[in-house]
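Overview (structure and organization)
Single-letter residue listing:
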Amino acid sequence: MKNTVSKNPIDMYIKIVLLSLLLIWSFYIVKPFITLIVWSIILAVALHPFYEKLLKITKGKKKGMITSVFILILVALIIIPTINLTGSIIDSGQELYQSFNEGALEVPPPAETVKEWPLIGEKIYEVWSSASSNLEDFIVKYKDEISNSLGWLFSSFAGLMGSVALGLFALIIAGVFMSSADAGYQSGVSFVNRLSSGKGEEFMTMCVGTIRSVVKGILLVAIIQAALSYLGFVLIGLPGASLFALLVLILAIVQIPALLAMIPAIAIVFSYADTTPAIIFTIYAILVSLSDNLLKPMLLGKGLATPMLVILIGALGGMMLQGILGLFIGPVVLALGYQIYSTWVVEGTEEIPVK
């Protein structure tokens, strides 16, 4: 039987309305799970190369069991550090609260060398001395600033923990996606081909490459900086090393210089450590803070036709618009827009007749 296209405008209108209602209805049914599904797709795309290598090592035998073990290992790698970090933060908070209630909480006085810091030395020395001499008056005087800073830190920590919890569920679904990755990829190619004939393979390859580039160029760099920072904090004996490492991780993810977290750490180290170790730690902290300038060009946008600047702008703009999820969606959307624009310009140039 041949499919006939009705020329009756009323028939076409009814079909369009019914199709639109079906799409809208489907969207609202799926809406509560969209974030989880998108996270699962991102994780599946980012982790699939490792999953493929594991399958090659095991020669594809017992694929279901290999997938389950792979996901369980990843879940453990997330849960164990999260539990340790949360426990450390809770313990540190309880100690601070108990010391404050008992009146035993003291801020060590700043070293005289703090005054010699360029531009901000005198101001930091003055504020630090005020906190050291009378902590209660300092808290009352700067209660708004302290409240805002603590509020931002706690909200960032809560958001990070929420993302971790969401990531655990997303990992399980990502395992399902990875086990049927070829079929999913071909489905995506076919869908894009329906929108733009012959562009499916190109656009899907670009989307996959962009997601992996962002994971390596932003998340991986942030984790490296936080790990190196934590190592330095522990070796120098910095109180609350986990808190400072968490702050470095958050700042690095949101693309704010990690040096902002290092400055108070350096100041605290100078208050109790000898001059030579403190100077060595300061140099180390500055190098770790600036390491993203070396790592990002190596990892972000490597092997992609899309310029690194487009990916970076997409990551920053996407994060401002949609939070941590936008960090991945933004570059993909902007890269697609850039690719469509470039193709449109090139095709337009080719159509211009040569005189």
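Rules of the game
- Residues numbered from 1 in each chain as written.
- Predicted model: local features only at pLDDT ≥ 70, side-chain atom pairs only at ≥ 80, totals over all residues.
- Heavy atoms only, no water.
- Helix = DSSP H or I, 4+ residues; strand = E, 2+ residues; numbered from the N terminus.
- Contact = heavy atoms within 4.5 Å.
- Areas by Shrake-Rupley, 256 points an atom, 1.4 Å probe, with all protein chains shown as cover.
- Core = buried A, V, L, I, M, F, W, Y, C linked by side-chain atoms within 4.5 Å.
- Buried < 20%, exposed > 50% of the residue type's maximum accessible area, 1.4 Å probe, protein only.
- Patch = residues over 30% accessible without salt bridge, like charges linked within 9 Å, V, L, I, M, F, W, Y side chains within 5 Å.
- Salt bridge = Lys/Arg side-chain N within 4 Å of Asp/Glu carboxyl O.
- Phe/Tyr/Trp six-rings, centres within 6.5 Å; stacked < 30°, edge-to-face > 60°.
- Expected span 1.5 Å × (residues − 1).
- Arc of directions from axis to C-beta.
- Axes fitted to C-alpha atoms, helices over the stretch in contact; angles between N-to-C directions.
- Parallel < 35°, antiparallel > 145°, perpendicular 65-115°, else oblique.
- Nonpolar A, V, L, I, M, F, W, Y, C, P; charged D, E, K, R; others polar.

Considerations on the overall build of the protein
When its secondary structure is counted, the protein shows 14 helices and 0 strands. In the protein, 64% of the contacts between residues at least 6 apart in sequence involve partners at least 24 apart. Accessible area of the protein: about 22400 Å², with a carbon and sulfur share of 70%.

Notes on the nonpolar core
Of all hydrophobic cores here, the largest spans 36 residues; its most connected members are Phe-70, Ile-71, Leu-171, Met-178 and Leu-327. At the level of secondary structure, the elements contributing two or more residues to this core comprise α2 (34–57), α3 (63–101), α6 (143–179), α8 (200–236), α9 (241–253), α13 (308–322) and α14 (326–351). Ranked by residue count, the leading element in this core is α2, at 9 residues. Contacts of Leu-327, omitting those with residues within four sequence positions, involve Val-214, Ile-218, Leu-219, Ile-253, Ala-315, Gly-318 and Met-319. Leu-238, Ala-265, Phe-270 and Phe-281 belong to the second-largest nonpolar core, a separate cluster that totals 21 residues.

Remarks on a nonpolar patch on the surface
Judged by side-chain polarity, Ile-10, Tyr-13, Ile-14, Val-17, Leu-18 and Leu-21 come together as a nonpolar surface patch covering roughly 600 Å² of accessible area. On the accessibility criterion, Leu-18 (53% relative accessible area) is exposed.

Remarks on the packing of aromatic side chains
Under the defined criterion, the tally for this structure stands at 4 aromatic pairs. Judged by centre distance (5.4 Å) and plane angle (75°), the rings of Phe-27 and Tyr-28 are edge-to-face. Ring pairing ties together the aromatic residues Phe-233, Phe-244 and Phe-281, which thus form one cluster.

Description of the pattern of salt bridges
One pass over the full model with this rule turns up 2 salt bridges. The residue Glu-202 makes a salt bridge to Lys-199 at a minimum N-O spacing of 3.7 Å. Asp-292 is paired through a salt bridge with Lys-296; the nearest N and O atoms lie 3.7 Å apart. Taken together, the positions of Asp-292 and Lys-296, both in helix α12 (residues 292–299) and 4 residues apart, correspond to about one turn of that helix. Here Asp-292 and Lys-296 have matching classes, each one buried.

Brief notes about α13
Here α13 spans 21 Å end to end across 15 residues, near enough to the 21 Å set by a 1.5 Å rise per residue. For α13, the complete set of buried residues consists of Val-310, Ile-311, Gly-314, Ala-315, Gly-318 and Met-319. Buried residues of α13, seen end-on, are gathered within an arc of 155° and therefore sit on one face of the element. Summarising the geometry of α13, the exposed residues directed more than 90 degrees from the buried face are Leu-309 and Met-320. Backbone geometry just downstream of α13 places Gly-323 in the positive-phi region, at approximately 75°.

What about the environment of Leu-309?
Note that Leu-309 resides in helix α13. We classify Leu-309 as exposed; its relative accessible area is 55%. Taking C-alpha positions, Leu-309 is 10.0 Å from Pro-331, a pair spaced 22 residues apart along the chain.

Comments concerning helix α10 (residues 259–272)
The terminal C-alpha atoms of α10, which comprises 14 residues, lie 20 Å apart, in line with the 20 Å expected from a rise of 1.5 Å per residue. Along α10, the positions that sit buried rather than exposed are Ala-261, Met-262, Ala-265, Ile-266, Ala-267, Val-269, Phe-270 and Ser-271.

Quick word on the packing of α10 against helix α11 (residues 275–290)
At a minimum axis distance of 10 Å, the contact between α10 and α11 shows a crossing angle of 175°. Relative to α11, the element α10 is oriented roughly antiparallel. Facing α10, whose interface residues are Leu-259, Met-262, Ala-265, Ile-266, Val-269 and Phe-270, α11 presents Ala-278, Ile-279, Phe-281, Thr-282, Ala-285, Ile-286, Val-288 and Ser-289. Of the residues contributing to the contact of α10 with α11, the split by class is 12 nonpolar, 2 polar and no charged.

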